[in-house]
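Analysis of the macromolecular model
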Amino acid sequence: MNKPIVRFAPSPTGYLHIGGARTALFNWLYAKKNGGKFLLRIEDTDLERSKSEYIDQITDALSWLGFDWDDNIVLQSNNKSRHQEVINQMIQSGTAYRCFLSKEELDALRTDSEKKKELFRVPKTYRDYSLEQQQVLIDQGKSSTVRLKIPDGITEFTDLVYGNIKVNNKELDDFIIARSDGSPTYNFVVAIDDSDMNISHVIRGDDHLANTPKQILVYNALGLTLPTFAHMPMILGSDKKRLSKRHAATNVQEYREKGFTATAMINYLSLLGWNPDSDQEIFNVADLISAFNFNQVQKKPATFDEKKLLWVSGQQMATMNTKVAISELESLSDKWGLNQDLKYKNNVVDLIKDRSKTLNDLIEISDVFFQDDIIYDKDMSLKILDESSVQILTDLYEALKIEEGWKKDILESIFDNLMTQHELGLGKLIKPVRFALTGLGYGPGIFDMMLLLGKDRCLLRLSGALKL
RNA sequence: GGCCCGUUCGUCUAAUGGUUAGGACUCAUGGUUUUCAUCCAUGCAAUAGGAGUUCGAUCCUCCUACGGGCUACCA
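These notes cover the structure that comes with them.

Analysis parameters
- Residues numbered from 1 in each chain as written.
- Chains lettered and ligands numbered in written order.
- Predicted model: local features only at pLDDT ≥ 70, side-chain atom pairs only at ≥ 80, totals over all residues.
- Heavy atoms only, no water.
- Near = heavy atom within 4 Å.
- Polar contact = N/O pair within 3.5 Å; in protein donor to acceptor, adjacent residues only side chain to side chain.
- Helix = DSSP H or I, 4+ residues; strand = E, 2+ residues; numbered from the N terminus.
- Nonpolar A, V, L, I, M, F, W, Y, C, P; charged D, E, K, R; others polar.
- Pairing = 2+ DSSP bridges.
- Axes fitted to C-alpha atoms, helices over the stretch in contact; angles between N-to-C directions.
- Parallel < 35°, antiparallel > 145°, perpendicular 65-115°, else oblique.
- Contact = heavy atoms within 4.5 Å.

Digging into the protein's contact with RNA strand B
In the neighbourhood of RNA strand B, 59 residues make up the surrounding shell, with Arg-179, Asn-275, Glu-281, Arg-355 and Ile-430 lying closest. Across the atoms of RNA strand B situated within 4 Å of the protein, the share located in sugar and phosphate is 72%. For RNA strand B, a base nitrogen lies 2.7 Å from a polar atom in the backbone of Gly-443. The set of elements that each furnish at least two residues to the surface near RNA strand B consists of helix H4 (103-115), strand S7 (163-168), strand S12 (302-303), helix H11 (306-319) and helix H18 (426-438). Broken down by class, the residue content of the surface near RNA strand B amounts to 17 nonpolar, 18 polar and 24 charged.

In structure tokens:
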């Protein structure tokens, strides 16, 4: 089997969203699995809506995810003359023809049919005009579009996900391949570009499923070799509507900012609409590449569930090695761990990695170890620092102050004393202490934390909290 | 309206012409833990509806309902 060549072809009319990311992922996985190529084509022919900053956003997001593309990025707008050339060639050969029906005429006919509840079909008035007849009308100054001359018959193909799809060509109008201003339309261009790029597998969202027969007819008209098609079900928001900008967070970059790693995103996204044919749910990227297969791709749309993403992320965090975690943190936030000793950073991350679901969780807790000042939440301090808590903190402060050593067993015995002194369980003691030391209501074991924080910092914070 | 596609716990999904319809997330309860989280255990929870084929249908066929896509001189 030849090495596959696949492509991801976003239009730069917005950032890379979750659905696009999953399409890119499945393309990329397929290419990697089979030692093929993953190409990137930017469909920037909609001048009104395309913006170059979106191209940067999309490529940044793809790079972050690790979907490195092969060869240069193809800008569709650079292929204009090629598209024009093919259109001319098709007019000459008679596989396409100029249609002189105006938009107004067509609109009138369309609304008329709708009124009569009839099925609207584009009239084939100009379909069989000779080149000479067409020229006469052009000379008269009539404007025209170019339409594909669709033959009678059935168009059939086998989709890797949906199986056999069959459409009677009667259902398809001779659709426009070039507008009156000469610009080519999507269903035409996509076929030409995919063919020119030698794409062997077209892997995309199933919103393109119904357009595929049209594209196949373009391939056929030009005698081009058909690629294999694989359509992926859509991803829906929690309201069951197709994921769009209306939904909470659809931008891939937002998830990065929320502290999800690329690995966690890839892991979760792969589980949407696909299953590994086993109970495994946590994958690293290499495992995913070898497990991926179109056979297990779902036909029905999947709902994006951030709760499960969070769980996947937590599982990934727990197994991530500390070195990797540190470099992830540093690339997420350039302020994180600044000027801190590497050993210290290691210890901090080691201590809290397991209990974090995202990198942002990690940052929040690790800041406690890096920053000099603690910000205490007012409501929480009112609730936690009652009279007896203040007494506990005071006693602890005094006890720690005179203590020379800073070891776990020493801290434990100090707390033992406090327990008997205040007739309280350890849990009750820890709550105010933790709050005083971190400003948080949760975190790693108190003794480990104190050891890592160091005596000076602990005393400082205890006295700071007592001044509240 | 026409065409295409789809429908298993709330969510992601497994399964076979014969199973107590399985797992995971969420949620609840209990346990572990000095807190929180983790972890462990238990529990709640599904084959859209109706016909047909069959000894037997979640699985095969048809119909209905619902959802999605396409039907543009958008991509």
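Brief notes about the sheet that holds strand S5 (residues 145-148)
Taken together, three strands build an open sheet; the order of strands is S4-S5-S8 and the sheet is antiparallel. Each end of this open sheet is capped by a strand with a single partner; those strands are strand S4 (96-99) and strand S8 (176-178). Averaged over all pairs of adjacent strands, the angle between strand axes in this sheet comes to 45°, irrespective of strand direction. In terms of strand pairing, S4 meets S5 through four bridges, oriented antiparallel.

Details of the packing of helix H17 (residues 408-422) against H18
Contact pair H17 / H18: the axes reach a minimum separation of 10 Å and the direction vectors enclose 110°. Taken together, H17 and H18 sit at an angle that is classed as roughly perpendicular. On the side of H17, the interface is formed by Phe-415, Leu-418 and Met-419, while H18 contributes Leu-426, Leu-429 and Val-433. Of the residues contributing to the contact of H17 with H18, the split by class is six nonpolar, no polar and no charged.

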